[in-house]
Amino acid sequence: MEETQNIDVTKNPEGEDAIESTKQKQPEEVEHHCDEQQKQSQCEEDELRKLLLSDIGELPLSPPSAIQVNFVSYFITGFTKPGHDQYIYRHANGLCVIGLAPTHIAFKDQGGITNIDFNVGKSDRSVLKVSGKRKKNAMRSESNTALCKVSTANDSYIVRCCVKGSLLEVNERLIKQPQLLNSSADREGYIAIIMPRPADWTKNKESLITLEEYKEKKQDILLEPCLL
Amino acid sequence: MADETKPASGDSAGLSNGLVSHGDHKSRRVYQAARSLHSGAVKDLLSLGVCERCVFRLVSVEAFDSDLSSVSASTLRSWLESGDEEAASSEESSCCIVCLGVLQFVFSDAKQTLLRSECGSDYAARVTDLVKQEGHEFDSFGLEVSVPATILENERAVLLYLKGKYNSESWLQSEKISVKDALKVLVLDPLKVSLGAKSDSSSFQIRLTYSKASDEAQGASETTRERKKRKTDEENGSTSMSENSFEKVYEPCILSVHCNKMPIFFSGRYFKYSRNVSQTRWIIDDERMGEASVEELIGENILPACLGDSYKFHAAGREDIDVRMLGSGRPFLIEVQNSRKCPSQQSLTEIEEKINKSEKKLVGVKDLKFIGSQCWAMMREGEAEKQKQYAAIVWIARPVEEKDIDSISSLKELKILQKTPVRVLHRRSPLERERTIHWMKVEKIKGSSHYFLLHLCTQAGTYIKEFVHGDLGRTTPSMGSILGCRAEIIQLDVTDVKMGDS
C-alpha cells in the first residue's frame, strides 16, 4: 500500500523551497508578518494537506485513463470496405467520439498518414459552424456519410460517421497536424464528435462490437509489436 | 335589528329611526350622508336589489367612508328609506345584485356554510379566525382583495340604468369606488384591531378571494341577447335599461382566505466532504445520482424550523459530484417560501451543529444566519469575477522530475483555451473559452514517482479536469502538453472560493 498519509515534503529541501517561494509570491500571505498568524496558517495548511490525501487509498501504477473512465468503447471493423476499422467512444451523456481504430489499414502504409481532407461529399466538414445549446446548423449524418479522406504515400481512405446523428465537431487540428493520427489516433487524433438521438443509437449499436470482441477479432494484427 | 347606534344608557331622546340626538359622531355623519342622497335613485336601486352600501357607493358624492363599516345594513336601510314602511324590506335571503354580498359581509365558507356579519368588526373577527388557521407569525400585513369579474359587469349595467333615468345629475358624474376598494376601506381598520397588527405593503400578504358560487349567481349582468340589443340601441342613439333587465341574486360568493409570506433568506458557507454527494438534487430516470445532495442536507433542516412550504438552494458556483469542497467553504443561500415563523439565531446555530455533527459527515456548514435584501449582492460576489483555488492529484506517464516542478511553478497567469468539454457538450454551446491559470504549485507524494499533488489558482469558469488530461487535445495547453506526456487526474478538491474581503 502506497504511503499516502505523509507527504514527505520536508525530506526534499528543494521541494520545500519550491513551496516556500511560491507561498511568498501569494500577495495575501506577504501582509501577515505576525509569527502567530504564520504558525496558524501553516497549521491549517497541514490540516488541509492531510485531508487532501485522506481518501486516495491505493495509488495504482497506471490508473485508467479519462477515456476509459468516462467512455464506453465500441468498434466497427471493415466498414463499407475491408480494413476500414474505426472506434466509437460513447460518453455517458450520449455523445460519440469517432476515430481510426489501431488496426485500420491506413496505418500499414509506409510513412503512415500524411494528409487529411475534410472536403468530401457535398461540403467541407471543417467549416461547419454549430452554435448554441440546441446545436443549430449541425450537419445531420447517416452512418455511411463521409467524414473525411485520409491519405498516405500509397493510397487514400474514406472515413465515415458510423453513427447516425448530428455532426457537432470535426478535429480541425488534424489539418495542420496529420501526424496526430499516427501517434495518438485514440486521443488527440480523434476525427469527429457526433450526437445521435437515443432511438437512432439503440438501432446503431447493434452493428457495433465491444472492446473485448474487437481484441479477439483482431488479435493476430493487434499482437504485432508496433501497435497497442 | 342589531342597532349599533343606541347607547347603553344616556340622556338622549330616542327618535323613531333609532337615531340618537347626540351620540356617536360617526354614525351621525353617516345618517346625514344617507339623508342627503338622491331619494329617487336610492329608492330605485333598493327595489332593484342593490345593497345599502352599494347604494352609498354609487349615489353618494362624498368619498366612501370607513365609518360605514360600523353601521349595520338594516340601520343603513332605515336611514336611506324616507321612513315609509311600505318600501319592501330586503328579502333576507337575497344578495346585492351588484356586489353579490361582498359589501354586505355575506359569504359562504369552504364548507358551504353561509355566514353573515352585521358590521365590519364582526366580519374582521371571522377573517381573523381563518388567518390564524394558517399559523403565520406577523406584526404587519398587506391586504389584497379579489372579486369575481361579473361584479364589474353588474356595476356597469346598473350605472347604465341610472344614466338612463338620471343622466344629467351631478352625483352620477363622479368616479365610483370599486367594490374591491370599498371592501378594503370598510374592513382594514377592524382587521388591524382584530389581528393586532399594523398594515403596510409588507412581506406578509392576506388575500381575500371571493369566487362565484355557481354560474347562476350572475347578478345584474345582461344576457348575450340583451347585450347585443343594448349595443345596437346605443348605436341608434337610444339608451335604455329597464328594471326588468335585472334578476335577483340568491347565492353569495364563496370566500377563501390565503396568507402568503414573501420568501426569507439564510446565508452561510458549505463544505462537501463526500465524493458521492451532488450539489443539488439530481435525478435521472427516477433514480437519484449520488447518495445525497448538499441542497437537501441543508434545506431539509432549515425548512421545518421555518414552518415553510418549500425552499430553493442557490450557491455561488458549483462543483462536480466527485469533487470535494474544502478550505473556506462555498457561499450559499437558502430561500424559504411562505415561512410561518422566523427561526432565531440560536436555532440556526443548533441546526448548523446538527448538520456538522451528523454521523455520516457528508456536508458541513458555517456562518449560517438570516440575511436580508443584500443576499443577492453577496452571491454575485462569489460568481464570475472571482478566483478559485484547487488541489488535484495528478498522474503522469513518466516519473516526475525536478524540472517538472520548476517549470510548472514558474508559470504565472497562464492563458489556456478550452473548447467546451465533451462531458458537457451535450447541454452547452460549442465555444472556445479563454481562461487564466493564475499560479500553480507542485508537491511530490512520497513513495510514488508518477503522482504529485497540484495546487492551482484559476479564473472562475475554468474546467480543471480538462486542463489536466487535455480533453482529447481540446484544452491547450494542458498539464500533459506542458510536461510532454500523458497526464490523468485522479481526484480534485476545491480548496478556496475567494469572496473579496469576507
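Chain B appears in an unreviewed UniProt entry as tRNA pseudouridine(55) synthase from Brassica campestris.

If you check an unreviewed UniProt entry, chain A appears there as Protein Abitram from Brassica napus. Turning to chain A, the UniProt record has this under Sequence similarities (unreviewed entry): "Belongs to the ABITRAM family."

A.B. asks: What is the right way to read the pairing of strand 16 (residues 414–419) of chain B from this model?
C.D. replies: Within a regular strand, side chains alternate between the sheet's two faces. Residues and elements named next belong to chain B. Pairing geometry for strand 16 and strand 17 (residues 432–445), over six bridges, is antiparallel. Within strand 17, the residue paired with Leu414 across the bridge is Ile437. As paired strands, strand 16 and strand 19 (residues 475–476) are joined by two bridges and run antiparallel to one another. Looking at the pairing, Leu417 lines up with Thr476 of strand 19.

A.B. asks: What is the right way to look at the interface of chain B and chain A in this model?
C.D. replies: The accessible area lost on association of the parts is a frequent measure of interface size. Tallying the contact residues gives 46 residues for chain B and 53 residues for chain A. Taken together, the two surfaces of chain B and chain A that pack against each other cover about 4000 Å², and 59% of this comes from carbon and sulfur. Looking only at chain B, the three residues that lose the most surface to chain A are Lys441(B), Lys446(B) and Leu472(B), adding up to 17% of its buried area. Counting the contacts that link chain B with chain A gives three salt bridges. The tally of links from chain B across to chain A stands at 13 residue pairs in polar contact (both at pLDDT 80 or more). Of all the secondary structure elements, the ones that give two or more residues to the side of chain B that touches chain A are strand 13 (324–337), strand 15 (387–396), helix 13 (402–409), strand 17, strand 18 (448–459) and strand 20 (487–497) of chain B. With seven residues, strand 17 of chain B is the single largest residue contributor to the side of chain B that touches chain A. Classifying every residue of the side of chain B that touches chain A gives 17 nonpolar, eleven polar and 18 charged.

How each quantity is defined
Residues numbered from 1 in each chain as written. Chains lettered and ligands numbered in written order. Predicted model: local features only at pLDDT ≥ 70, side-chain atom pairs only at ≥ 80, totals over all residues. Heavy atoms only, no water. UniProt positions renumbered as here; feature names shortened; annotations may be inferred. Pairing = 2+ DSSP bridges. Helix = DSSP H or I, 4+ residues; strand = E, 2+ residues; numbered from the N terminus. Contact = heavy atoms within 4.5 Å. Buried area = accessible area lost by both parts, 1.4 Å probe. Salt bridge = Lys/Arg side-chain N within 4 Å of Asp/Glu carboxyl O. Polar contact = N/O pair within 3.5 Å; in protein donor to acceptor, adjacent residues only side chain to side chain. Nonpolar A, V, L, I, M, F, W, Y, C, P; charged D, E, K, R; others polar.

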